[in-house]
Every structure is written in C-alpha cells, then in structure tokens.
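Residue strings, one per chain:
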Amino acid sequence: MPNLKLSGVQVLFRDARQQPVPVVREVSFETQPGKTLGIVGESGSGKSMTALSILGLVPFPGKVKGSIKYHDKELIGLPDEKYEKIRGAGISIVFQDPATALNPVFTIEKQLVETILAHRQIETREAKKQALDSLMGVDIPSPEKRIKDYPHQFSGGMKQRILIAMALSCDPDILILDEPTTALDVTVQAQILDMVERIQNFNKMTIILISHDLGIISEISDEVAIMYAGRIVEHGTIKDILDNAQHPYTRGLLDSIPKLGVHKAKLNAIGGFPPNPSELPSGCPFHPRCPRKIEKCVQQDPPYTMNKLKFACWNPGPTNG
Ligand SMILES: Nc1ncnc2c1ncn2[C@@H]1O[C@H](COP(=O)(O)OP(=O)(O)OP(=O)(O)O)[C@@H](O)[C@H]1O
Ligand SMILES: [Mg+2]
C-alpha cells in the first residue's frame, strides 16, 4: 500500500504580466513504506517545489493543484492547523540549505527539545531524553556533552546529521531529504547516506531523496524519478534506470556520472541549459538539447507512457550516440 500518492500535481506562480508559470507540471508518483524514491534533475527542474508541495509549504503566492494523498487523506487545501499535525510526525523534511535551518543563538538541545514538544504531549524531561537518543541515533560522538553546544561548534557533516536527527525526532513515516549531502565531501556524503539507510532498515520509513546527482541517488534508491522543466520525464526502478533508460535526458545524466577507473568521464554530457519555466520551448521542452530529436519533438509535448518504464519521449532509445 502506498503511503503517499501524488496525482497530476502542479505548482504555479505568476509572471510580471500575471500569466501563470508552472514550475511543477503534472507530477505523479507513489511511495511505499521502507523504500527510497530518488528524485533527480538539474537546478530549477522543480525538485524542491515538489517537496514543498507535499508539506504544504509552497511560498505565497504559489498555488498547488492536483491531488496529494497521505494514506487516504487529501493534503491539498488542508487547513494549516491540520497540516501542522502531519508535518514532522507524519512527513518530515530536511531542507536544502542546512546553514540556515539551525538557529545560531540556541543550543542543539533547545532546538531538538522544542521540535519534540511541538508534536508530543510529554514532559520537558522526557523530551530531553528523547533529544539525546536522537543525537545518538545519528552517530554524534559524546552526545551528552555535544547536545549543549551551539550550531557553529559543529562541522558541516555534523550539522547535517543534527538536522536529520531533528527530522527523525517525531518518528515520521516519510522523510524527505532535499540535497542532503551536496555541500559535503564525498566520504562524509557516503557516511551520511549509510546512516540514513541503517535507520530506514530499522524503522521502515519511506525516504524521498532529492539530488542533482544521479550517482548519489543510485547509491540508496529503490526507484528513481527524473525531472526536467517541472515534469517527471522518466521513472523506473533503479535497475531499469541504470540498465535500460529510454529518455535521452536520463541517458545524458547517466553519461555524466564519473566512473571509477575510467580516465575521462564525459562530464557535462548534456550541452546547453534547462529552460526558464516562463519561456518553455514548443513541443518537448528538452528538444533544443536533445541528441535524438525528431521533427515531432518540436511540435508536440510527448505524453507520459505508463509501461513498466514510464517516460515521456517521442524517440526513446538505449543510447544517445
Ligand atoms: N518563490 C518563487 N516564485 C516564483 N518562482 C519560483 C519561486 N521559487 C522557485 N521558483 C522557480 O521554480 C522553479 C523550480 O524551483 P525549485 O527550487 O523547485 O528547483 P530545484 O529543482 O529544487 O533546483 P535546485 O537544484 O537548484 O535546488 C525554478 O525555475 C525557480 O526559479
Ligand atoms: Mg532545490
């Protein structure tokens, strides 16, 4: 049974002339307990807006349309006081920018305890105990001592662990990690992903992992959704995506993953830049950059086929060469 189901989700803003600008277009996917869905795409493809739409946190005056069901509950249009109960305890997020997510003037203990007390009706003393447990859970050394420290006393990797502890402190079913390791070096990235996977094995939560790096996503995801210009252009199991990707954009991302032992990875295998959402090209928005473009691609946006592999492309194929 899926615990979250997005159907035809759109996020719309307006441009200076009050015309609607869709930054997320027709996004549909489901998530399952104990499984990880990776969402990959270049900067501006709508990954964070999709995450924010799930939590009801799309900034004003953005509008969300479609359907987002958490278990059987429709979240779009839910009043804020009801949403508050789902945020944290049901669906939790680690935001993209860790530097601004922790308050510099309070200790880690105070911030963890406040998060816990906001969702649980327990004594402060019990909340302090849970805060300490959650720090232990994310492998902070000497947690009894470190919990009294301020954010600036921790390294980037440790801050990221603390944010994950905070997101986990209310025991959510679904944890969204928006670019959780982008600012960190490769070894620390791997350690954090290992830790997240270990916690997931234990508590069977769903993880939605957002990254621009398909290499990172492929480390721990069961399924992968590839986003381009606000839309999912290909979606499949990790094996399907790695072995049998059909969309030329996915192929370009795969070709950009640096491979161990290969001297010259074709970094930046996809030339050009993603389009601005207010000036999408005609037809398929990827066509100006696409090595497999045919005439139809310039005229019509391809529908999303719902086979075993789901993709939106008029001229799919296993290679770009
Ligand atoms: N408050 C806003 N008002 C209008 N447009 C916005 C707003 N915030 C973001 N956008 C636009 O929405 C689009 C999607 O942004 P989003 O932050 O979801 O991208 P992303 O895939 O998370 O990119 P990144 O990898 O850089 O984090 C972008 O074109 C962005 O410029
Ligand atoms: Mg983002």
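Up top is the structure.
Rules and cut-offs
- Residues numbered from 1 in each chain as written.
- Chains lettered and ligands numbered in written order.
- Predicted model: local features only at pLDDT ≥ 70, side-chain atom pairs only at ≥ 80, totals over all residues.
- Helix = DSSP H or I, 4+ residues; strand = E, 2+ residues; numbered from the N terminus.
- Rg over C-alpha atoms; globule rule 2.2 N^0.38 Å.
- Buried ≥ 20, exposed ≤ 12 C-beta atoms within 10 Å, placed from the backbone.
- Contact = placed C-beta atoms within 7 Å.
- Near = placed C-beta within 6 Å.
- Nonpolar A, V, L, I, M, F, W, Y, C, P; charged D, E, K, R; others polar.
- Pairing = 2+ DSSP bridges.
- Axes fitted to C-alpha atoms, helices over the stretch in contact; angles between N-to-C directions.
- Parallel < 35°, antiparallel > 145°, perpendicular 65-115°, else oblique.
- Left-handed = near helix turned anticlockwise from the far one by under 90°.

A. Expanded view of the overall build of the protein. Summing up its helical and strand segments, the protein has twelve helices and twelve strands in all. Relative to its length of 321 residues, the protein is compact, with a C-alpha radius of gyration of 20 Å against a globular reference of 20 Å. Each principal axis of the C-alpha distribution contributes one length, and for the protein these read about 65 × 50 × 40 Å. Out of the 321 residues belonging to the protein, those deemed buried represent 39%. Within the protein, contacts between residues separated by at least 24 positions form 62% of all contacts whose residues are at least 6 apart in sequence.

B. Structural view of the site of ligand 1. Residues in contact with ligand 1 amount to 14 residues; listed here are only the nearest, Val 23, Ser 43, Lys 47, Ser 48 and Met 49. Here the shell around ligand 1 takes three residues from helix α1 (residues 47-54), the largest share from any one element. Split into classes, the residues belonging to the shell around ligand 1 amount to five nonpolar, eight polar and one charged.

C. Local environment of the sheet that holds strand β2 (residues 20-31). What the four strands build is an open sheet, ordered β2-β1-β4-β5; its pairing is antiparallel. At either end of the open sheet lies a strand with only one pairing partner, and these are β2 and β5 (73-74). As judged from the seven bridges shared by strand β1 (residues 4-14) and strand β4 (residues 63-70), these two strands associate in the antiparallel manner. Counterpart to Val 11 in the pairing with β4 is Val 64. Strand contacts of α1: β1, β2 and β4, with the helix running at about 70° to β2, the strand carrying the most contacts.

D. Representation of the packing of helix α4 (residues 108-119) against helix α5 (residues 124-137) within the structure. Axis separation between α4 and α5 bottoms out at 9 Å; the angle between their running directions is 115°. Viewed along their axes, α4 and α5 adopt a mutual orientation that is roughly perpendicular. Note on packing geometry: the crossing formed by α4 with α5 is right-handed. Contact with α4, carried on its side by Glu 109, Leu 112, Val 113, Ile 116 and Leu 117, involves Thr 124, Ala 127, Lys 128, Gln 130, Ala 131 and Ser 134 of α5 and no other residues of that element.

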